[in-house]
Amino acid sequence: MLQIRLCDDTDRSHWDQYVYGHPESSHYHLFDWGRVILESYRHQPYYLMAVTNGDHKERIPEAASTETVCGVLPLIHMKSRIFGNRLVSMPFLDLGGPITDDPQIRTLLLESALKLAREKKADHVELRMSQPLAEDSFEDHSGNGTPMPGIHCRKDKVRMLLDLPGTSEELFQSFKSKLKSQIRRPAKDGFAAELGGAEFLNDFYAVFTSNMRDLGSPVHSKKFITRVASLFSRDALFCLVKKDGRTPAAAGLLLHFKDSVYNPWASSLRRFTRSSPNMLLYWKMLESACDDGCRIFDFGRSSVDGGTFRFKKQWGAQPRTLSWCRLTLDGHPDSNQQPEGQGLSWATAVWKRLPTGVTTRIGPMVRKNISL
């Protein structure tokens, strides 16, 4: 028999074992992301797991248990008066959505997510995936008075992925001469890059908060970044670029997962733009990924043809379409709804004018409710 059930902390190792073994999984499917978000922002995680007594590939190791994991779907319940009531997989991150042994199990997980959304009186379910959902992803229960969900998938976001060669020297030699020159320039101006652990967190956050203010965007709380670094201490690595060994100028966070390195957040300070410390930052992160034997560097998401898209493409990164799907409970596709965060240009302009100290205090209170 196959059962869909909610997980608790005792299921963590079983969940992660399945995630590490699944070919379509990402770091963002790992169990502790739910803890990061709960402990930072108090959004309740609901982790759905498909289990069976049958002979599937990921058998739970404890002899006392006969369960076998055959699919998972992480969900976070986000509820606010301004941004609405929804279940998201996964907020603040690029990916989420169900990973399963077969399409039928995926259908059962998605139907369980919709049932949970109705119980929580949510407006919709948001899924962040690498592939769009087909119309036949759900069983027709209209005879029971339950409408088929409306499906609307955005395709304006892409992941920028770079296939890495065997050595960092090979990667450097593959760059155009202009890019090589941009990488070398910061060192001539007194900048140097280094990698480290939690001891770099404060410097990272100082650069991060200033950069997000300049972009006109609320910043994540320091507690959020701290919990990421703590709960994923074996995976997380900070990269820091300093001027003359003292002043932080650029910073990034790396997450290792299987044969890939993810870079969810990177920032640089505008006052150092002329020396391009961000070029040294990205080279140091790429160099580290190559030398660690990783095969893929994930630059994170970008809007197609936007500024960050072009910046990442110059390194050789190639776009992979992200399919962010909204499932409405009333059967309407909701295709006319404005994407979250758009239409707030006036707020962005005001935010840029506020002192960094102010945005650092109030930014996390806003950011916690924005799922982007």
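Refer to the structure presented above.
Here is a short report on the structure shown in this document. As the structure is a prediction and not an experimental result, all values here were calculated from the model. (Residues numbered from 1 in each chain as written. Predicted model: local features only at pLDDT ≥ 70, side-chain atom pairs only at ≥ 80, totals over all residues. Heavy atoms only, no water.)

## A word on the overall build of the chain
Step number 1: Secondary structure summary: the chain contains 11 helices and 16 strands in total.
Step number 2: In terms of overall dimensions, the chain is globule-like: its C-alpha atoms have a radius of gyration of 21 Å, near the 21 Å expected for 372 residues.
Step number 3: On the principal axes, the C-alpha backbone points of the chain span a range of 70 × 50 × 35 Å.
Step number 4: Counting all 372 residues of the chain, 53% fall into the buried class.
Step number 5: Restricting to contacts in the chain with at least 6 residues of sequence separation, those with at least 24 account for 74%.
Step number 6: Where the 50 positive side-chain charges of the chain centre and where its 42 negative ones centre are 10 Å apart. (Helix = DSSP H or I, 4+ residues; strand = E, 2+ residues; numbered from the N terminus. Rg over C-alpha atoms; globule rule 2.2 N^0.38 Å. Buried < 20%, exposed > 50% of the residue type's maximum accessible area, 1.4 Å probe, protein only. Contact = heavy atoms within 4.5 Å. Lys, Arg positive; Asp, Glu negative; His and termini not counted. Charge placed at Lys NZ, Arg CZ, Asp CG, Glu CD.)

## Here we look at the pairing of strand S12 (residues 247–257)
Step number 1: Of all 11 residues that make up S12, 10 are buried, and the element is covered over most of its length.
Step number 2: The sheet contact formed by strand S11 (residues 236–243) and S12 spans eight bridges and is antiparallel. When the sheet's bridge partners are listed, Leu240 is paired in S12 with Ala251.
Step number 3: Joining the antiparallel neighbours S11 and S12 is a turn of three residues, in which Asp244 adopts a positive phi near 55°.
Step number 4: Where S12 hands over to strand S13 (residues 260–268), the hairpin turn is made up of two residues, of which Lys258 adopts a positive phi near 50°. (Pairing = 2+ DSSP bridges.)

## Some thoughts on the packing of aromatic side chains
Aromatic ring pairs are described here by two measures, namely the spacing of the ring centres and the angle between the planes.
Step number 1: The full count for this structure, using the stated rule, is 25 aromatic pairs.
Step number 2: On the basis of an interplanar angle of 65° and a centroid distance of 5.5 Å, the ring pair of Tyr41 and Phe92 is categorised as edge-to-face. In this pair, Tyr41 is assigned in helix H2 (residues 32–41) and Phe92 in the loop between strand S5 (84–89) and strand S6 (99–100), connecting sequence segments 51 residues apart. Accessibility classification places Tyr41 together with Phe92 in one group, the buried group.
Step number 3: One residue, Arg128, lies across the ring of Trp324, its end atom 4.1 Å from the ring centre. (Phe/Tyr/Trp six-rings, centres within 6.5 Å; stacked < 30°, edge-to-face > 60°. Lys NZ or Arg CZ within 6 Å of the ring centre and 35° of its normal.)

## So, the nonpolar core
Most often, soluble globular proteins keep nonpolar side chains buried together rather than apart.
Step number 1: Ranked by internal contacts, the top residues of the largest apolar core, which has 83 residues, are Trp33, Phe224, Phe297 and Trp315.
Step number 2: Counting residues per element, this core draws most heavily on helix H8 (residues 277–291), which supplies nine residues.
Step number 3: Listed in part, the 25 residues of the second largest apolar core include Leu87, Phe138, Ile151 and Cys153. (Core = buried A, V, L, I, M, F, W, Y, C linked by side-chain atoms within 4.5 Å.)

## Examining the packing of helix H5 (residues 177–188) against H8
Step number 1: Where H5 meets H8, the closest approach of the two axes is 7 Å, and the angle between their N-to-C directions is 105°. Relative to H8, the element H5 is oriented roughly perpendicular. Residues Leu179, Gln182, Ile183 and Pro186 of H5 form the contact with H8, whose own contacting residues are Pro277, Met279, Leu280 and Trp283.
Step number 2: Of the residues that constitute the contact of H5 with H8, the class distribution is seven nonpolar, one polar and no charged. (Axes fitted to C-alpha atoms, helices over the stretch in contact; angles between N-to-C directions. Parallel < 35°, antiparallel > 145°, perpendicular 65-115°, else oblique. Nonpolar A, V, L, I, M, F, W, Y, C, P; charged D, E, K, R; others polar.)

## Thoughts on helix H11 (residues 356–367)
Step number 1: Listed as buried for H11 are Thr359, Gly363, Pro364 and Arg367. Taken down its axis, H11 places every buried residue within 115° of arc, on the same side. Those residues of H11 that are exposed and angled more than 90 degrees off the buried face are Arg361 and Met365. (Arc of directions from axis to C-beta.)

## Some remarks on the pattern of salt bridges
Step number 1: All chains considered together, the criterion is met by 14 salt bridges.
Step number 2: The residue Glu67 makes a salt bridge to Arg5 at a minimum N-O spacing of 2.8 Å. Here Glu67 is found in the loop between strand S3 (58–59) and strand S4 (68–80), whereas its partner Arg5 is found in strand S1 (residues 2–6), with 62 residues between them in sequence.
Step number 3: A relative accessible area of 18% places Glu67 in the buried class.
Step number 4: The exposure class of Arg5 is buried, given its relative accessible area of 17%.
Step number 5: Measuring nitrogen to oxygen at the nearest pair gives 3.8 Å for the salt bridge that ties Glu287 to Lys284. Placement of the pair is Glu287 and Lys284 together in helix H8, with a separation of three residues, close to one helical turn.
Step number 6: According to the relative accessible area criterion, Lys284 is partly exposed, its value standing at 22%.
Step number 7: Residues joined in a network through salt bridges with shared partners are Arg12, Asp32, Arg35, Glu39 and Arg227. (Salt bridge = Lys/Arg side-chain N within 4 Å of Asp/Glu carboxyl O.)

## Focus: H5
Step number 1: Taking 1.5 Å of rise per residue, the 12 residues of H5 would be expected to cover 16 Å, and the 17 Å separating its terminal C-alpha atoms lies within 8% of that figure.
Step number 2: Buried within H5 we find Leu179, Lys180, Ile183 and Pro186. Taken around the axis of H5, the buried residues stretch over an arc of 130°, which confines them to a single face. In H5, the exposed positions that point more than 90 degrees away from the buried face belong to Ser177, Lys178 and Lys188. (Expected span 1.5 Å × (residues − 1).)

## Comments concerning the environment of His22
Step number 1: Tracing the backbone through its elements, the reader meets His22 in the loop between helix H1 (12–21) and H2.
Step number 2: What makes His22 buried here is its relative accessible area of 4%.
Step number 3: Placed 77 residues apart in sequence, His22 and Ile99 show a C-alpha to C-alpha distance of 7.5 Å.
Step number 4: A polar contact is formed between the side chain of His22 and the backbone oxygen of Thr100, at a distance of 2.8 Å. (Polar contact = N/O pair within 3.5 Å; in protein donor to acceptor, adjacent residues only side chain to side chain.)

All we've got here are geometric facts, nothing functional implied.
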